[in-house]
Amino acid sequence: DAMVIQNPRYQVTQFGKPVTLSCSQTLNHNVMYWYQQKSSQAPKLLFHYYDKDFNNEADTPDNFQSRRPNTSFCFLDIRSPGLGDAAMYLCATSRDRRAGGPYNEQFFGPGTRLTVL
Amino acid sequence: AQSVTQPDIHITVSEGASLELRCNYSYGATPYLFWYVQSPGQGLQLLLKYFSGDTLVQGIKGFEAEFKRSQSSFNLRKPSVHWSDAAEYFCAVGRTSNTGNQFYFGTGTSLTVIP
């Protein structure tokens, strides 16, 4: 089945130690998103890629970076994690409207739970 | 600016009882509306969506939602709740732009189902 995959599901890192979260998709969608979701809160969009074009949200801290080496993969890099960065990180994808079909919805991965010690 | 309000932070219902989760949105154009469900420690699963046409939309797991433009609402309903429906429910409004589809989520409603 076509899907959005996130690895690892659980990640533990130390305060200040860089960490990378990974997302891959078999849907061949050209848009990929990263969300941060803290406990009992709504997902908050950090940034998204439209093809190779990076779109950062205005309030996303510089500590968060992203890379998209190809259509299928997207990475979230946290350069110096703080205690406040402990959260669930969700990856999502959507189609380009030009591709037709249900382009308005986003498909979510299972998330990576990040713990910062 | 777009926004979504879910007035109920937490709802408790008995198994077999009916359910209605409220969602109000603020959006200048025709909204694309969604309901997602999130089980503990999991990602978001789409329950249903509204783009246009029939204002009563059917989704998975026996859920339905009704779009009411006059009330700016998109409430989620289920006639008989099952224990497995206990989860967090998010309403979202989508805005499609040239760079993708931005979603604006409500703060969520946590559903507890009691035997």
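The text that follows walks through the structure, step by step, so that each part is easy to find. Here the structure is a predicted model, which means the values were calculated and not measured.

Residue and element names in this part refer to chain B. Relative to the assigned elements, Cys91 resides in strand β10 (residues 87-97). Take Cys91: its relative accessible area is 0%, and that puts it in the buried class. In sequence terms Cys91 and Trp35 are 56 residues apart; their C-alpha atoms lie 4.6 Å from each other. Ignoring sequence-local partners within four residues, the contact set of Cys91 consists of Val4, Gln6, Cys23, Phe34, Trp35, Tyr104, Phe105 and Gly106.

Formed by 27 residues in total, the largest nonpolar core has its most connected members in Leu19, Trp35, Leu47, Leu48, Phe74, Leu76 and Tyr89 of chain B. For this core, the elements supplying multiple residues, two or more each, are β2 (10-14), β3 (19-21), β5 (32-38), β6 (44-50), β8 (64-68), β9 (73-78), β10 and β12 (109-114) of chain B. With four residues, the top contributor of residues to this core is β10 of chain B. Dropping the residues within four chain positions of it, Leu76 of chain B is found in contact with Leu19, Glu20, Leu21, Trp35, Leu47, Leu48, Phe63, Glu64, Ala65 and Tyr89 of chain B. One finds Val19, Leu21, Leu27 and Met32 of chain A within the second-largest nonpolar core, a separate group that totals 19 residues.

To continue, consider the interface of chain B and chain A. In this complex, chain B contributes 23 residues to the contact, which on the side of chain A involves 25 residues. A buried area of about 1,900 Å², summed over both sides, lies between chain B and chain A, and 49% of it is on carbon and sulfur atoms. On the chain B side of the interface with chain A, the three residues burying the most area are Leu44, Thr99 and Asn101 of chain B, jointly 26% of the side's total. With a closest N to O distance of 2.2 Å, Glu105 of chain A and Lys49 of chain B form a salt bridge. Where chain B packs against chain A, one counts six residue pairs in polar contact (both at pLDDT 80 or more).

How each quantity is defined
Residues numbered from 1 in each chain as written. Chains lettered and ligands numbered in written order. Predicted model: local features only at pLDDT ≥ 70, side-chain atom pairs only at ≥ 80, totals over all residues. Heavy atoms only, no water. Helix = DSSP H or I, 4+ residues; strand = E, 2+ residues; numbered from the N terminus. Buried < 20%, exposed > 50% of the residue type's maximum accessible area, 1.4 Å probe, protein only. Contact = heavy atoms within 4.5 Å. Core = buried A, V, L, I, M, F, W, Y, C linked by side-chain atoms within 4.5 Å. Buried area = accessible area lost by both parts, 1.4 Å probe. Salt bridge = Lys/Arg side-chain N within 4 Å of Asp/Glu carboxyl O. Polar contact = N/O pair within 3.5 Å; in protein donor to acceptor, adjacent residues only side chain to side chain.

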